[in-house]
Amino acid sequence: MRLLLVEDDAMIGEALEATLREASYAVDWVRDGLMATTALKTHGYELVLLDLGLPGKDGITLLRQLREDGHATPVVIITARDNVEDRILGLDVGADDYVLKPFDAKELLARMRAVLRRKAGAAAPVLSNGIVSLDPATHQATSPEAEPSILSNREFALLNALMVRPGAILSRSELEDRVYGWGEEVDSNAIEFLIYTLRKKLGSSAIQNVRGVGWMVAQA
Ligand code: CA
């Protein structure tokens, strides 16, 4: 799952980038509002983490423009405690949630999961297509063909990308986009290898190959 992190503070940005990658998100980090706008125009993101006080273009302006342009990408504002007016404004112009700095990384990750869940129209925290189920909080996957297992970060990122839209086919480059962020090296057979290890854990029919197009999980 690919995220855009918009944060101009180097220390917070570095810590967040590491936390998010550890939680198996593909992260692109930009440090000003203008670069964020460019990134949002050129890449698809599943979620944006948005600081409000930014050089180039402030977060509120950026968010307002994003919504005016019809982008429905979920946005979580990350901002300091002394900005109550901005937080209210942020929600009113289209943010999905906000967290206060300094924040607990676990809480931020849980709020992100909740926002993504609402976005997918799913009330239940566990993703399922009726065959395979995947818990975004614990990375545990279950399938009728195998014992429950905990997925690696990359395995989780790949399976999650497929599980949010059962029946939708994702190509290799679409999967790479969701599993890897900018500057992360991607081996040419990396996606095939992850599919292979996932099938070993979940059974060979858990992920289907559509020859010449990509991969999918069955729609229940
Ligand atoms: Ca800032």
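In what follows, the structure referred to is the one given above.
Rules and cut-offs
- Residue positions are counted from 1 within each chain, in the order its sequence is given.
- The model is predicted, so local features are restricted to residues of pLDDT at least 70 and side-chain atom pairs to those at 80 or more, both for listing and for counting; the totals for chains, interfaces and linings are taken over all residues.
- Only hydrogens and water are set aside; all other atoms, that is, all heavy atoms of the structure, feed into the side-chain values.
- Only N, O and S atoms count as donors, using a 2.8 Å limit from the metal and a wider 3.2 Å limit for Na, K and Ca, and since water is excluded some coordination spheres may look unfilled.
- The secondary structure listing takes helices from DSSP runs of H or I that are at least 4 residues long and strands from runs of E that are at least 2 residues long, numbered from the N terminus.
- Partly exposed describes any residue whose relative accessible area lies between the buried limit of under 20% and the exposed limit of over 50%, with all areas from a 1.4 Å probe on protein chains only and scaled to the type maximum.
- Fitting a line to C-alpha atoms yields each axis, with helices limited to the stretch in contact; the angle taken between N-to-C directions then spans 0 to 180 degrees.
- Orientation categories follow fixed angle ranges, with anything under 35 degrees roughly parallel, anything over 145 roughly antiparallel, 65 to 115 roughly perpendicular, and all other angles oblique.
- Contact between two residues is taken to exist if any of their heavy atoms lie within 4.5 Å; hydrogens are not considered.
- Each residue gets one label: Ala, Val, Leu, Ile, Met, Phe, Trp, Tyr, Cys and Pro are nonpolar, Asp, Glu, Lys and Arg are charged, and the others, such as Gly, are polar.
- At least two DSSP bridges between two strands are needed for those strands to be called paired.
- A crossover counts as right-handed when, viewed with the strands pointing away from the observer, the path leading from the first strand over the helix to the second turns clockwise.
- Pairing of aromatic rings covers Phe, Tyr and the six-membered ring of Trp, with a centre-to-centre limit of 6.5 Å; geometry is then stacked below 30 degrees between planes, edge-to-face above 60, and tilted otherwise.

Caption draft 1: Spotlight on the coordination of the calcium ion. For the calcium ion, every protein donor is listed as Asp8 (OD), Asp51 (OD) and Gly53 (O), and the spread of their distances is 2.1 to 2.3 Å. Here the donor residues of the calcium ion are spaced in sequence according to D-x42-D-x1-G. Taken together, the residues span a long stretch of sequence, with Asp8 in the loop between strand S1 (2-6) and helix H1 (10-22) and Gly53 in the loop between strand S3 (47-50) and helix H3 (59-68) at a distance of 45 residues. Under the relative-accessibility criterion, Asp8 is labelled partly exposed at 33%.

Caption draft 2: Here's a closer look at the packing of helix H7 (residues 172-179) against helix H8 (residues 190-202). H8 packs onto H7 with a crossing angle of 80° between their chain directions and a minimal axis gap of 10 Å. Here H7 is positioned roughly perpendicular relative to H8, judged by the angle of their axes. Across from Arg172, Leu175, Glu176 and Val179 in H7, the residues of H8 making contact are Ile191, Glu192 and Leu194. Residue classes in the contact of H7 with H8 are distributed as four nonpolar, no polar and three charged.

Caption draft 3: View of the sheet that holds strand S6 (residues 127-128). Strand order in the open sheet formed by four strands is S6-S7-S8-S9, and the pairing between neighbours is antiparallel. Of all strands in the sheet, those bounded by a partner on one side alone are S6 and strand S9 (146-150). Alignment of S6 against strand S7 (residues 133-135), held across two bridges, turns out to be antiparallel. Note on S7: the bridge partner recorded for Ser128 is Ser133. The strands touched by helix H6 (residues 153-163) are S6, S7 and strand S8 (140-143); relative to S7, the strand with the most contacts, the crossing angle is about 120°. H8 contacts S8 and S9 of the sheet and is inclined by roughly 130° relative to S9.

Caption draft 4: Up close: the pairing of S3. Here S3 shows a buried face lined by Leu47 and Leu49 and a second buried face lined by Val48 and Leu50. When S1 meets S3, the two strands line up parallel, connected through four bridges. What sits directly across from Leu5, in S3, is Leu49. In terms of strand pairing, S3 meets strand S4 (residues 75-80) through three bridges, oriented parallel. Paired with Val48 across the bridge in S4 is Val75. Each parallel crossover has a hand, and the one from S3 via H3 to S4 is right-handed.

Caption draft 5: Highlighting the packing of aromatic side chains. In the structure shown here, the tally under the stated rule is one aromatic pair. Seen in terms of ring centroids, Phe193 and Tyr196 are 6.2 Å apart; in terms of plane orientation they differ by 35°. Their pairing is tilted. Placement of the pair is Phe193 and Tyr196 together in helix H8, with a separation of three residues, close to one helical turn. Overall, the relative accessible area of 51% leaves Phe193 in the exposed class. Overall, Tyr196 belongs to the partly exposed group, its relative accessible area being 48%.

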